[in-house]
Amino acid sequence: EEHVFAKCERRLIPFLGLLYLVSIVDRLNVGFAALTMNADLGFSPSVFGFGAGIFFLGYMLFQVPANLMLVRLGARRWVFTILIVWGAISAACAFVQGPLSFYVLRFLLGVAEAGLFPGVVLYLTYWFPQERRARAIAGFMAASPLAFIIVGPLSGALLTMDGFGGLKGWQWLFLIEGLPACLLAFALLKLVPDGPEHATWLSPDEKRLIASRLAQEAAIDQPGFWPALRDVRLYALGIAYIAVGASGYGMRLWLPQIVQSMGFSNEANAFFISPMPYLLAVGAMIWWGHSSDKTGERIWHIVLPVLLAAAGFIIGAAFSASDLIVLIGITLVIIGVDAVIGPFWSLPSSFLRGPAAAGGIALINTFGTGAGGFIGPYVIGELREATAGFSASMAVLALGLVCTCAIVLAFSRTIAPRTAAVEPRL
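Residues numbered from 1 in each chain as written. Predicted model: local features only at pLDDT ≥ 70, side-chain atom pairs only at ≥ 80, totals over all residues. Heavy atoms only, no water.

(A) Representation of empty space enclosed by the protein within the structure. Overall, the coordinates contain two cavities of 30 Å³ or more when judged by the stated rule. Contributions of two or more residues to the lining of the largest cavity are made by helix 11 (232-261), helix 15 (323-339), helix 16 (341-346) and helix 18 (354-387). Top element by residues in the lining of the largest cavity is helix 11. It accounts for six residues. Split into classes, the residues belonging to the lining of the largest cavity amount to ten nonpolar, five polar and two charged. In terms of lining residues, the second largest cavity is bounded by L16, L70, A75, V79, G119, V120, Y123, L188 and V192. Mapped by element, the contributors of at least two residues to the lining of the second largest cavity are helix 4 (75-92) and helix 6 (116-125). A per-element tally of the lining of the second largest cavity places helix 6 first, with three residues. The class makeup of the residues in the lining of the second largest cavity is eight nonpolar, one polar and no charged. (1 Å grid on protein atoms, 1.4 Å probe; cavity = no way out; pocket = protein on both sides within 12 Å on 5 of 7 lines; lining within 4 Å. Points joined across faces, edges and corners; volume = space filled by probe spheres on them. Helix = DSSP H or I, 4+ residues; strand = E, 2+ residues; numbered from the N terminus. Nonpolar A, V, L, I, M, F, W, Y, C, P; charged D, E, K, R; others polar.)

(B) Structural context of the environment of I415. Along the chain, I415 falls in helix 20 (residues 412-415). With a relative accessible area of 1%, I415 lands in the buried category. Along the primary structure I415 and M251 are separated by 164 residues, whereas in three dimensions their C-alpha atoms are 28 Å apart. Sequence-distant contacts of I415, defined by excluding residues within four places in its chain, comprise R233, L237, I299, L347, S350, F351 and V408. (Buried < 20%, exposed > 50% of the residue type's maximum accessible area, 1.4 Å probe, protein only. Contact = heavy atoms within 4.5 Å.)

(C) Up close: the packing of helix 7 (residues 130-141) against helix 8 (residues 143-159). Where helix 7 contacts helix 8, the axes come no closer than 5 Å and their chain directions differ by 15 degrees. By the angle class used here, helix 7 and helix 8 are roughly parallel. Where helix 7 approaches helix 8, its residues G139, F140 and M141 are matched on the opposing element by A143, S144 and P145. Classifying every residue of the contact of helix 7 with helix 8 by side-chain character gives four nonpolar, two polar and no charged. (Axes fitted to C-alpha atoms, helices over the stretch in contact; angles between N-to-C directions. Parallel < 35°, antiparallel > 145°, perpendicular 65-115°, else oblique.)

(D) Just a nonpolar patch on the surface, in detail. Taken together, the side chains of W300, L304, L307 and L409 present a nonpolar region at the surface, about 370 Å² in accessible area. Here the nonpolar patch gets three residues from one element, more than from any other, and that element is helix 14 (residues 299-318). Note on placement: W300 falls in helix 14. (Patch = residues over 30% accessible without salt bridge, like charges linked within 9 Å, V, L, I, M, F, W, Y side chains within 5 Å. Areas by Shrake-Rupley, 256 points an atom, 1.4 Å probe, with all protein chains shown as cover. Salt bridge = Lys/Arg side-chain N within 4 Å of Asp/Glu carboxyl O.)

(E) Structural detail: the side chain of H301. Looking at the element boundaries, H301 is found in helix 14. The exposure class assigned to H301 is buried, which follows from its relative accessible area of 8%. If near-sequence neighbours (up to four positions away) are discounted, H301 is found in contact with W288, S291, S292, T295, V340 and P343.

(F) Helix 7, seen in detail. Along its twelve residues, helix 7 runs 17 Å from first to last C-alpha, staying within 8% of the 16 Å computed at 1.5 Å per residue. In terms of burial, helix 7 is a largely internal element, eleven of the twelve residues being buried. If you check which residues of helix 7 are buried, you get Q130, E131, R132, R133, A134, R135, A136, I137, A138, F140 and M141. (Expected span 1.5 Å × (residues − 1).)

(G) Focus on the packing of aromatic side chains. Taken as a whole and assessed by the stated rule, the structure comprises 29 aromatic pairs. A ring pair is formed by F50 and Y103, whose centres lie 4.9 Å apart and whose planes are at 80 degrees; its orientation type is edge-to-face. You can see F50 sitting in helix 2 (residues 45-61) and its partner Y103 sitting in helix 5 (residues 99-113), a full 53 residues away along the chain. Relative to Y59, the ring of F56 lies with its centre 6.4 Å away and its plane at 65 degrees, an arrangement referred to as edge-to-face. Here F56 and its partner Y59 are both found in helix 2, three residues apart, which amounts to about one turn of the helix. The two residues F56 and Y59 agree in class, both being buried. Each residue in the set F43, F48, F50, F102, Y103, W254, F374, Y378 and F390 is aromatic and connected to the rest through ring pairs, giving one cluster. The ring of Y249 carries R252 above its face, with NZ or CZ at 5.7 Å from the centroid. (Phe/Tyr/Trp six-rings, centres within 6.5 Å; stacked < 30°, edge-to-face > 60°. Lys NZ or Arg CZ within 6 Å of the ring centre and 35° of its normal.)

As structure tokens, then:
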């Protein structure tokens, strides 16, 4: 059994992680483009914050419809379509002329990317039993901090192409970083089967083993896609995840400008300072996901990293006069909000299966990444313009993370009843 599921991880997780990495690059590269784009187009902090955040409004509105389409069309055909469309829209951001076109293209990019993350989380439930799911999700989502490690140096290099071919450096950034999604769409058709039963690299015995293990977890009288959306536990998890999304994407989209405000050059910013916290977060994310699966514990594996992130914000707000301490605080924030991902996303599939899980995952992500992703960048932009600093927004985001912990602990008896009973298979 260990051999079979490890084989599935080796086959699936690296490529799915690569897709997610490209999606994160395409939603976050605007943070590095802003280092020169804002001055070229005359964008104020509030204009940039709103434009960076409006991506998540489109993302939020199309979470549930996108996952419904995945259930109906299958993983390969739907994700292929998603990749082609978002790659084209991301590249089109090179031709932004002012606030309106910036807002429209960012919104459409969010619409296009909406189905990838919840779709992949659902897809992993077709392959892995509950006690292996946190590490599988963490392995796939380790691409998120890894993307920031890559997008910094890559974007920094592309910004130096300013004037080449009559285009600005930030225009080359959008054009070149939008292409991989379109190319990977065709690789997906070759590498990703719709489910274990379609995998040519699994033997009949291996397929039966996976089906048998997943059948052991099948719940009786599972609701359908739409009835599942009435489950109060999903709303509790969704509301709890808002602050995590707001903190994670607030930092991702504003970190290059926070570092720039400290006086670092664009080169040092892109190649070293901004990527460093995410390098540490990759290891923390994978290790914490394995720890959660090994112990079978979920709730405290969610609460503790969220508290670490809240502490990081408080440190950054309280010691804003010291650039070094602020960077340490931001590093703690990034480690915390990334480490929580694996344990958190294993919860919905602990009490929902199949189409019900598709609806539930999409609903939670509508709150967390959708609403939270919009709130974080926007709040930072507004408060920075009002206070000329970042301390106020850090304090607000810290308070939100404390509320997340309170919600998770309050609902712990209902949102993780099955995971607590799982005996880890080692």
